[in-house]
Amino acid sequence: MLACAGLLIMYSSGYDHGTRFVDHGRNMLLAGFIMFVVAQMPPQKLMAWAVPIYTVGVILLVAVAEYTALQMKQSVTGHGRAAKSQVQEMVKRLLQLPVVPRQDAADALGMAITHAHASPSMNKLAAQGVLNRKTHGMFRSGRSH
């Protein structure tokens, strides 16, 4: 009942012709299906899978690469203070998309592009040992702080 009320409120406040309503409805149906399937499993099987699933979840959380908005804009547009419309247009051009993606989609794709650009560079620097050096605190005379 509460989920239906939430969907009704989402639909009434939606300004993009109900697309968010459809997206949220789909997600709620998928979540309901997953809960139904999990409820049908015997508790022993759930307990046996609990630790491996938890471990995978923690590994996925740790493995996430984080980039700031400035880093993403710099990587995608070449300018860290670019407007969202510039990011959208560059994502469209870089990925050869037929239409300009929405802002949230452009941000997500921009993060993926940033990671794709950063990964090879970071791997090269790591292979050279540059990332392990402690030269950031060196003075001209060779002493460090």
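For the structure, see preceding data.
Every chain begins its residue count from 1, and numbering advances along the sequence as written. Per-residue local features are limited, in this predicted model, to residues with pLDDT of at least 70; the limit for side-chain atom pairs, both in listing and counting, is 80 or more; totals at the level of whole chains, interfaces and linings are taken over all residues. Side-chain figures throughout are based on the complete set of non-hydrogen atoms in the structure, without hydrogens or water.

Trainee: What exactly am I supposed to notice about the nonpolar core here?
Mentor: Of all hydrophobic cores here, the largest spans 5 residues; its members are M72, V76, V87, V91 and I113. Here a helix means four or more residues in a row that DSSP labels H or I, a strand means two or more in a row labelled E, and each is numbered from the N terminus. Every element with two or more residues in this core is listed here: α4 (69-77) and α5 (84-94). In this view, M72 contacts V87, D107, G110, M111 and T114; residues no more than four positions away in its chain are not counted. Among buried residues, the Ala, Val, Leu, Ile, Met, Phe, Trp, Tyr and Cys ones that are joined through side-chain atoms within 4.5 Å form a nonpolar core. The cut-offs for exposure are 20% and 50% of the maximum accessible area for each residue type, with area from a 1.4 Å probe on protein chains only; residues under the lower value are buried, those over the upper are exposed, and the others partly exposed. Note on contacts: a residue pair is in contact if any heavy atoms of the two residues lie within 4.5 Å.

Trainee: Mind showing me how you'd approach the side chain of Q88 here?
Mentor: If you trace the backbone, Q88 turns up in helix α5. Here a polar contact is taken to be a pair of N or O atoms separated by no more than 3.5 Å, where protein atoms must pair a possible hydrogen donor with a possible acceptor and residues adjacent in sequence count only if both atoms sit in side chains. Polar side-chain contacts of Q88 include one of 2.7 Å to the backbone oxygen of P101.

Trainee: I keep staring at the packing of α4 against α5 and nothing clicks. Help me out?
Mentor: When two helices pack together, their arrangement is captured by the angle between the axes and the distance separating the axes. For the pair α4 and α5, interaxial distance at closest approach is 9 Å and the crossing angle is 45°. With respect to α5, the axis of α4 lies oblique. Crossing of α4 over α5 shows left-handed handedness. Together, M72, K73, V76 and T77 of α4 and Q86, V87, M90, V91 and L94 of α5 make up the contact between the two elements. To define axes, lines are fitted to C-alpha atoms, for helices over the stretch in contact only, and angles between the resulting N-to-C directions are given on a 0 to 180 degree scale. Each angle is binned into one of four classes, with values under 35 degrees roughly parallel, values over 145 roughly antiparallel, values of 65 to 115 roughly perpendicular, and all other values oblique. Crossing handedness follows the turn of the near helix against the far one: under a right angle anticlockwise gives a left-handed crossing, and clockwise gives a right-handed one.

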